[in-house]
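# Tertiary structure, described
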Amino acid sequence: MAAVDDLADTARSLVAPGKGILAADESGGTIERRFAAVDVESTEESRLAYRELLLTAEGAGRWISGVILFDETIRQRAADGTPIPEVLARQGIIPGIKVDKGAKPLALSTGELVTEGLDGLRERLTEYRELGARFAKWRAVITIGADIPGEYCIWVNAHALARFAALAQEAGLVPIVEPEVLMDGGHSIARSYAVTSRVQNAVFTELRDQRVVFEHMLLKPNMVLSGYDCPNQANIDEVATATLRCLRHNVPAAVPGIVFLSGGQSDELATAHLNAMNRLGHQPWQLSFSFGRALQASALRAWRGRSNNVAEAQSEYLHRAQLNGAARSGAYTPELEQVKRDGSLGAEATC
Ligand code: 13P
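Calculation criteria
Every chain is numbered on its own, with residues counted from 1 as its sequence reads. Local features in this predicted model are restricted to residues of pLDDT 70 or higher, and side-chain atom pairs are both shown and tallied only at a pLDDT of 80 or more, whereas totals for entire chains, interfaces and linings draw on every residue. Side-chain numbers come from the whole structure's heavy atoms, not from hydrogens or water. Residues are labelled near a given molecule or strand when at least one of their non-hydrogen atoms is within 4 Å of it. Think of a polar contact as two N or O atoms within 3.5 Å of one another; within protein, one of them needs to be a possible hydrogen donor and the other a possible acceptor, and neighboring residues in sequence only count if both atoms come from side chains. Throughout, the Shrake-Rupley method with a 1.4 Å probe supplies accessible areas, and for residues the shown protein chains are the sole cover considered. Grid points spaced at 1 Å over the protein atoms alone were grouped into cavities, where a 1.4 Å probe fits but cannot get out, and pockets, open sets with protein on both sides within 12 Å along at least five of seven lines, with lining residues defined by an atom within 4 Å of a point. A molecule is said to be in a cavity or pocket once over half of its atoms fall within 2 Å of that pocket's grid points. Only runs of H or I of at least four residues qualify as helices and only runs of E of at least two qualify as strands under DSSP, and these elements are numbered from the N terminus. All amino acids are sorted into three groups, where Ala, Val, Leu, Ile, Met, Phe, Trp, Tyr, Cys and Pro are nonpolar, Asp, Glu, Lys and Arg are charged, and the leftover types, Gly among them, are polar. Helix axes are fitted only over the stretch in contact, all axes being lines through C-alpha atoms; the angle between N-to-C directions runs from 0 to 180 degrees. Angles below 35 degrees are treated as roughly parallel, those above 145 as roughly antiparallel, those between 65 and 115 as roughly perpendicular, and all remaining angles as oblique. Should any heavy atoms of two residues lie within 4.5 Å, those residues are considered in contact. Note on aromatic pairs: the rings of Phe, Tyr and Trp (six-membered ring only in Trp) are paired at centre separations within 6.5 Å, and the planes decide the class, stacked below 30 degrees, edge-to-face beyond 60, tilted for the rest. With a 1.4 Å probe rolled over the protein chains alone, any residue whose accessible area is under 20% of its type maximum counts as buried; one over 50% counts as exposed, and the rest are partly exposed.

## Notes on the site of the ligand
In the vicinity of the ligand lie 13 residues, with Lys137, Lys220, Ser262, Gly263 and Arg293 positioned nearest. Here Glu178 contributes a side-chain N or O atom positioned 3.0 Å from an oxygen atom of the ligand. Bound to the protein, the ligand loses 92% of the 300 Å² it would expose on its own. Cavity membership is defined here by more than half of the atoms lying within 2 Å of grid points; on that basis the ligand lies in the largest pocket. Within the residue set of the shell around the ligand, elements represented by two or more residues are strand E6 (135-142) and strand E10 (286-291). In terms of residue class, the shell around the ligand is built from 3 nonpolar, 4 polar and 6 charged.

Okay, here's the thing in structure tokens:
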């Protein structure tokens, strides 16, 4: 087991000022859907080519502190033979790993999910640490509908998240605890708030009961938004205020950082929401990002499976990383979206 200080250091490094996490841990089905949208067939080779372009993008370490990998990727090597975790370490980026086995239908419930993957997890965590991972992620999925989520769904997912987190800490890996309340549907921001708050409350009850050390973990929550089909969409400041209020009511100050998922928001909106939260003054925790789609969408569209598009795709990815890095200090403005992708946002936007 790693020294306790290592876990605290890793957690703090992952939320270092100006930096955040890239989630590149799409499961087989998800990456297939993302590739299909840009007419690319998902094969072991195409997945490696795409992920390698993200992971080797030079200079990403200025804004990216860690990358969450999928099981297949952490075992692969770059074209020059370097193991992928080493490719990241050379850029000063911490390798992480998704360890859950996905959300499956919850027994004796309709429309609700529970995340699987606890069987054999202790052994898998040990192996991942040997492969170079220093943090691990588990995602629970909560759906908002007419009569859901119920307490049953909330508590079984919270329990599993805490079992994962305890095992990860025991294995010397910082757990990223991800209870994602989906924003699909016509619900109001008030309903998003109520469900997200209930879920976070249950998750921290389980984490405490299962002896998880708050200083040695990160929370990866959804932002509190209006449902995507809600006719009355909350504005950026309303989202920032509701999301922070929810966190302040539920997340102990001992947790070093909050790393938001993007959850299907546009790239610009995810960045603007993070930025608005960081402009609301000092909080007990660092407010950062662990985006998948909101860091990758423009890069994937630029790549389209062609090796001669790699440089353009890397430049798109670095641009989004830089803008989200700026949002860490509240220095993002929509005008920066137009700034030439040459790495020159100006000193105050990047520090
Ligand atoms: P999104 O930012 O696309 O929601 O992905 C983050 C993630 O890791 C989901 O588990």
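## Looking at the packing of helix H10 (residues 267-278) against helix H12 (residues 310-327)
At a closest axis distance of 8 Å, the pairing of H10 and H12 adopts a crossing angle of 20°. In this view, H10 runs roughly parallel relative to H12, as classed from their interaxial angle. Across the interface between the two elements, Asp267, Glu268, Thr271, Leu274, Asn275 and Asn278 of H10 pack against Arg320, Leu323, Asn324, Ala326 and Ala327 of H12. Across the contact of H10 with H12, the residue classes tally to 4 nonpolar, 4 polar and 3 charged.

## Details of the packing of aromatic side chains
Aromatic ring pairs are defined here through the distance separating the ring centres and the angle between the ring planes. Enumeration according to the criterion identifies 6 aromatic pairs in this entry. Aromatic pair Phe35 and Trp303: ring centres 5.6 Å apart, planes at 55°, arrangement tilted. Taken together, the positions of Phe35 in helix H2 (residues 28-36) and Trp303 in helix H11 (residues 293-303) put the pair 268 residues apart, joining distant regions of the chain. No difference in accessibility class separates Phe35 from Trp303, as the two residues are buried.

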